[in-house]
Amino acid sequence: MMPPSCARRGDAYRCLPPSMPHTSTVNDTNVFEIFPWSSNLETGIALIDAQHRKLVELLNRLAEQHIRGASAEEIGAILGELADYADYHFRSEEAIWAEAFADDARYREHVHTHEAFFARIRELQCGDQPFTTILEELFSFLTQWLAYHILDNDKRMAKAVIACGEGCSVAAAHRRADEEMSGATALLIHTVLSMYERLSSQALDLMREKHARLRAEAALSLSEARWKFLLEGSGEGLWEWNAAPASAHADLLQHLDEPGGRLHPDDLARVRTALAEALSAPSDTFSCQYRLLGENGATRWMRLRGKVIERCADGLATRLIGTRQDVTESELASHIVRFGHEMLFIADAGNRVIAVNPAFSALTGYPASACIGCDAGTLFADDWPAERHADIASALQHRGRWEGEVRYRRRDADPCTVFLTILRSDTADGELGQYVAIGYDITAYRASEAALRNVLDAVQAGTWQWQLDTATLQVDSHWQTILGRPADAATLSANVREALLHPDDRARSAALLAAHCRGEQARYECELRMHREGMGWIWVREQGRVSERDANGRAVRVAGILLDINEHKTHQQQLAFVAGHDPLTGLPNRSLLTERLEAQMATARDQRSMLALAYVDLDGFAAINARHGRSAGDQLLKVVTTRLRQRLGERAELARIGGDEFAVVLDGLACASDCRAPVHSLLDALAAPVTLGDLAVTLSGSIGVSLYPQDSAVDAEQLLRQADQAMYRAKLEGKNRFHLFDPEHDQSLRGQLASIEEIRGALARREFVLHFQPKVNMRSGTVLGFEALIRWQHPERGLLAPALFIPQIEAHPLSIAVGDWVLDAALTQLAGWRAAGLHTTVSVNIGSAQLQDPDFFNRLQKLLATHPQVDAAQLQLEILETGALEDIRHVCELIARCRTLGVSFALDDFGTGYSSLTYLKRLDADTIKIDQSFVRDMLDDAEHVAIIDSILGLARTFGRQPLAEGVETAEHARRLLDIGCDCGQGYGIARPMAAAYVGDWLAQWQRSRPDFIQG
């Protein structure tokens, strides 16, 4: 097929189909192009480039004829010519490609794209949409397809052909072409494609706007010619009115109306006044402006001018002539200039300002009078680079347009940043006429952008933008730096990111991103590991959102940031290790042991096997620690840890659960006797002499063993308590031995405890009483209040401690009734004390069942209401840490509700719960009561002192009041005061007492306080 004939015109080729000569109603040098040719489109093969230019010219001419209103037949002729030439071009192109690599897969793919092009053209031609709509889609398709085909496909194939011509193999040629098309070239292609994608639609709009303007100008020229003709000849466009003086006024008003429009009611009075003055006043001329209101609500502005040419003897006008002009366009333009938000100024050919609009003055602070006549260049801020003036002048001279950011001075403020568009307007003879500049303030936007950049810089965040449809990732220099890569912004393949991800994190990251793209998650956020050059795997956090979706709602682009959290993550892991491990030996602590023991117990149940828990206590360790110092004690514990590990190997779990206490889990046992050999081995390891430098010491161990499973259900904590009991039996039996816990013997001991029915009867018979133990400030001697402690005044067995009956009802609904009795009795006692002149506080223990009871708040509210003489602030509720952790959310909500009543809260036995540190912040307790197990042994165990000191630090951090339980001696009190614990309770202060003795005790306390009181 031969190419169509072409005629040269100017510097461009205009392809002329035989059926339609190329004509133009305007100067071709001013034609807008929907596809402007650029050197970036050149492939390096002259024939191909020449044919590409002709295709582009045909496309631009097709758009131009469409905008000018060519008929469907004429458009079809040009479209046919374009299709014919495209077919010719494709054949020429394929011949060149085939000569280099005919059997290559990429060649076949390229041929397929040519076929797809015609398929899409046929699809559009066969559509049932309106002709104009089809053309709009056709222009969009042709522009984007042609740009991509030339920029990517053809350039890639051309580079490969050139490489083959230089001696490369087909495969090597393709690789070389791909390399040349990657990196900055790929970014350039992406940028140019984006420009053409926007430019095609913008060019059509500009072409429409231009042709509309040309048509308007032609109409205006015709109107002007007609006006001149009317003025000079027949008078058409003029009006002349002859009327009797009495009716001239009304007749003229009627004359202002016309078919399809009537005088606006708001302008009637003003026009009537102007006409009245003209008809009766000495002046012979008048002028007024008014609006015509159309039937559809549209408004037109009209200007009426007239002259009285004849008056009667009385001086009244009888004959008038004049003109009426439609000034709608100029009036609307004036409104836009005066009331538009964009700043505007006009400068003459000498760059002197001749007009500014109010928006310009509002932005800069300079009135029009201060700007008109000055050089437009003086409006720029002092920090605006002088060399940019030359760039603007050059662009206006060669392209007639410049746009970009400028800095303008402001009268009473810092300079502002404006996005400015300057257009050059020439006179009819082609000479420079004036410059029109339009801009809008982007100062706040740039400030926000800078602030965001500062934030990202401050947190060392990298930014990324993932183009999902092209599988490319644009990253900034911070992103590169985080991963140890060259610190330059770059466009990467998505495969590069995939390769940088840790294999274990790839699926999770992909799933989270997909969920966000589907709209299931508000944002994409993932903590994962990526490879840093020279360092290995580091922890990072990716956060992002979909920034663009296509017409079908599918995500096209995701943008976000990359944060280096490696240090934080490492610290977090270290904290997690510290929370679950003993810092001295590195062994799991009681908290972690309990967690793992629960899992091992579950495995034993599933596998129908047995495990043994050995509770190990070092005999004589306290004496060694006291005699040789803590350092020697620490060394001894490390030696013991090493020996136990060597004896147990990897088959057992070893933990340190106290100062000189260890626990060992032996699992996979077939029967109870299987534990004896490893336990004896542990005793042998402990009994072997230990040398610490010049010091030789001998130890032994007492071991208690509990087995699982048992006939009764037990949990990990119960198993530990059983082993602990058995260990004490071993000590009592002579130490250096082990004792096996006997569940049946334990059950018989439990039989000695009171039954549920006995307790229920005691409650009904009012056999329960309250004793009160003081809580004091050990530094000042101030009595803080009392803790209410239940006792059973048994008719046969005497006064029973709570340990003999409370455990029986812990999991029984009866515990709620007993707990409510305690609350009521405590409030009653407070009321009695208040009546007697004693104003104090009482704390009451709240059991787990009460905490979880949904009606607890209502009952508490009613109890307080039945004791109106008691201030709710006098009541403090103590909750066990372990009980609170059973349902932390419910307990937090309950505390918040109860606080509205005025009561306060204390967290009892703090430090015994395995999640104490995690949940302390969430539990809004006023007081932390340090468990007596830590206080009791603090004089002999430095570890317990360290624990108490840590709890005090937590209390200070979270704003809680610490109070030590178990202050058994004055020495305990002094030691607590030394480490900063001021408040306490215990036998060293006062034993629990009946209410009747509280007054005497208070009097005695005031007269004679213990010697540790400093106040």
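What you are looking at is a predicted structure, and each value in this text was computed from that prediction instead of being measured. (Residues numbered from 1 in each chain as written. Predicted model: local features only at pLDDT ≥ 70, side-chain atom pairs only at ≥ 80, totals over all residues. Heavy atoms only, no water.)

(A) Main features of the overall build of the protein chain. The secondary structure content of the protein chain amounts to 35 helices and 35 strands. Across the 1015 residues in the protein chain, those meeting the buried criterion constitute 44%. Expressed as a percentage of contacts within the protein chain between residues at least 6 apart in sequence, the contacts between residues at least 24 apart total 60%. Of the roughly 51500 Å² of accessible surface on the protein chain, 52% is carried by carbon and sulfur atoms. (Helix = DSSP H or I, 4+ residues; strand = E, 2+ residues; numbered from the N terminus. Buried < 20%, exposed > 50% of the residue type's maximum accessible area, 1.4 Å probe, protein only. Contact = heavy atoms within 4.5 Å. Areas by Shrake-Rupley, 256 points an atom, 1.4 Å probe, with all protein chains shown as cover.)

(B) Quick look at the packing of helix H24 (residues 756-764) against helix H26 (residues 814-835). Contact geometry for H24 and H26: axes closest at 11 Å, N-to-C directions at 30°. What the angle tells us is that H24 and H26 run roughly parallel. Handedness of the H24/H26 crossing: left-handed. For the pair H24 and H26, the contacting residues are Ile-756, Ile-759, Arg-760 and Leu-763 in the first and Leu-814, Ala-817, Val-818 and Trp-821 in the second. Across the contact of H24 with H26, the residue classes tally to seven nonpolar, no polar and one charged. (Axes fitted to C-alpha atoms, helices over the stretch in contact; angles between N-to-C directions. Parallel < 35°, antiparallel > 145°, perpendicular 65-115°, else oblique. Left-handed = near helix turned anticlockwise from the far one by under 90°. Nonpolar A, V, L, I, M, F, W, Y, C, P; charged D, E, K, R; others polar.)

(C) Layout of the side chain of Thr-364. Relative to the helices and strands, Thr-364 is located in helix H10 (residues 358-364). Judged by its relative accessible area of 3%, Thr-364 falls in the buried class. For Thr-364, the side chain forms a polar contact with the main-chain nitrogen of Tyr-366, separated by 3.3 Å. Apart from the residues within four sequence positions on either side, Thr-364 is in contact with Arg-409, Arg-410 and Arg-411. (Polar contact = N/O pair within 3.5 Å; in protein donor to acceptor, adjacent residues only side chain to side chain.)

(D) Summary view of the sheet that holds strand E12 (residues 432-441). What the five strands build is an open sheet, ordered E9-E8-E12-E11-E10; its pairing is antiparallel. Two strands in the sheet have a free side with no partner beyond their single neighbour: strand E9 (353-356) and strand E10 (401-408). The sheet shows a mean angle of 25° between the axes of neighbouring strands, direction not considered. Contacts from helix H12 (residues 387-398) reach E10, strand E11 (416-426) and E12, with the element oriented near 155° to E10. (Pairing = 2+ DSSP bridges.)

(E) Just the pattern of salt bridges, in detail. Under the defined criterion, the tally for this structure stands at 44 salt bridges. With its nearest N and O atoms 3.5 Å apart, the salt bridge here joins Lys-159 to Glu-180. Residue Lys-159 is found in helix H4 (residues 131-165), and its partner Glu-180 is found in helix H5 (residues 170-180); the two are separated by 21 residues along the sequence. Looking at Glu-180, the relative accessible area reads 33%, which means it is partly exposed. Residues joined by salt bridges that share partners form a network here, namely Lys-159, Glu-166, Arg-176 and Glu-180. (Salt bridge = Lys/Arg side-chain N within 4 Å of Asp/Glu carboxyl O.)

(F) Representation of H24 in the model. The complete set of buried residues in H24 reads Ile-756, Ile-759, Gly-761, Ala-762 and Leu-763. Contacts from the buried residues of H24 go to strand E26 (768-777), strand E27 (783-794), helix H25 (806-809) and H26. Where H24 terminates, the next one or two residues include Arg-766, which has phi positive at roughly 60°.

(G) Representation of the sheet that holds strand E21 (residues 661-669) within the structure. Pairing is mixed in the open sheet, where five strands are placed in the order E20-E21-E19-E24-E25. Two strands close off the open sheet at either side, each with one partner strand: strand E20 (652-656) and strand E25 (737-740). Averaged over all pairs of adjacent strands, the angle between their axes in this sheet comes to 20°, without regard to strand direction. Where strand E19 (residues 610-619) and E21 come together, seven bridges link them in antiparallel fashion.

(H) Here's a closer look at the packing of aromatic side chains. This model, assessed by the stated rule, comprises 17 aromatic pairs. On the basis of an interplanar angle of 75° and a centroid distance of 6.3 Å, the ring pair of Phe-360 and Tyr-408 is categorised as edge-to-face. One end of the pair, Phe-360, is in helix H10; the other, Tyr-408, is in strand E10, with 48 residues separating them in the sequence. Where Phe-380 meets Tyr-408, the ring centres are 5.3 Å apart and the plane angle is 10°; that geometry is what we call stacked. In this pair, Phe-380 is assigned in the loop between helix H11 (368-371) and H12 and Tyr-408 in strand E10, connecting sequence segments 28 residues apart. Per residue, the accessibility class of Phe-380 equals that of Tyr-408, and both read buried. Among the aromatic residues, ring-to-ring pairing joins Phe-772, Phe-786, Trp-833, Trp-1001 and Trp-1005 into one connected group. Directly above the aromatic system of Phe-857 lies the positively charged group of Arg-897, at a separation of 4.1 Å from the ring centroid. (Phe/Tyr/Trp six-rings, centres within 6.5 Å; stacked < 30°, edge-to-face > 60°. Lys NZ or Arg CZ within 6 Å of the ring centre and 35° of its normal.)

(I) Inspection of the confidence of the model for the protein chain at higher detail. Chain-level pLDDT for the protein chain is 81 on average; 84% of the residues reach the 70-or-more range. In this model, residues 1-29 is a region of pLDDT below 50 whose contacts with residues beyond four sequence positions or in other chains number 51 contacts. (pLDDT = per-residue confidence, 0-100.)

(J) Structural context of unusual backbone geometry. At the junction of Tyr-708 and Pro-709, the peptide bond is cis and its omega measures out at 5° in the coordinates. Structurally, Pro-709 can be placed in the loop between strand E24 (700-708) and helix H22 (716-732). In this structure, Asn-351 takes a positive phi of about 70° despite not being glycine. Of note in this structure, Ala-471 is not a glycine but carries a positive phi near 55°. Among the secondary structure elements, Ala-471 is positioned in the loop between strand E13 (462-467) and strand E14 (472-475).

(K) Here's a closer look at the packing of H26 against helix H28 (residues 856-865). H28 packs onto H26 with a crossing angle of 25° between their chain directions and a minimal axis gap of 10 Å. With respect to H28, the element H26 is oriented roughly parallel. Note that H26 runs across H28; the crossing there is right-handed. Of the residues in H28, those touching H26 at Ile-816, Asp-820, Leu-823, Asp-824 and Leu-827 are Phe-856, Arg-859, Leu-860, Leu-863 and Leu-864. Along the lines of polarity and charge, the residues of the contact of H26 with H28 split into seven nonpolar, no polar and three charged.

(L) The arrangement of the environment of Met-727 in detail. Inspection of the secondary structure puts Met-727 in helix H22. In sequence terms Met-727 and Arg-737 are 10 residues apart; their C-alpha atoms lie 8.9 Å from each other. If we ignore the near neighbours within four places in the chain, the residues touching Met-727 are Tyr-615, Asp-617, Glu-661, Ser-702, Ile-703 and Gly-704.

(M) Here's a closer look at the pairing of strand E6 (residues 299-311). Of the pairings in the sheet, the one linking strand E5 (residues 285-294) to E6 comprises nine bridges and is antiparallel in character. Paired with Cys-288 across the bridge in E6 is Leu-304. Following E5, the chain reverses through four residues before pairing antiparallel with E6; Gly-297 in that reversal takes a positive phi of roughly 95°. Here nine bridges tie E6 to strand E7 (residues 317-326), and the two strands are oriented antiparallel to one another. Residue Gly-306 lies in a different strand from E7, and its bridge partner there is Gly-322.

(N) Looking closely at H28. Buried within H28 are the following residues: Phe-856, Phe-857, Arg-859, Leu-860, Leu-863 and Leu-864. Looking straight down H28, one finds that the buried residues subtend no more than 165° of arc, so they occupy a single side. With respect to the buried face of H28, the exposed residues turned more than 90 degrees away are Lys-862 and Ala-865. Turning to H28, the residues buried within the fold contact H26, strand E29 (842-846), helix H27 (848-852), strand E30 (875-880) and helix H30 (888-899). (Arc of directions from axis to C-beta.)

(O) The arrangement of the environment of Pro-868 in detail. Position of Pro-868 relative to the elements: it lies in the loop between H28 and E30. Through-space distance from the C-alpha of Pro-868 to that of Ala-831 is 8.7 Å; in sequence the pair is 37 residues apart.

(P) Examining the environment of Val-496 more closely. In this structure, Val-496 sits in helix H15 (residues 494-500). Note: C-alpha distance between Val-496 and Thr-472 (24 residues apart in sequence) is 9.3 Å.

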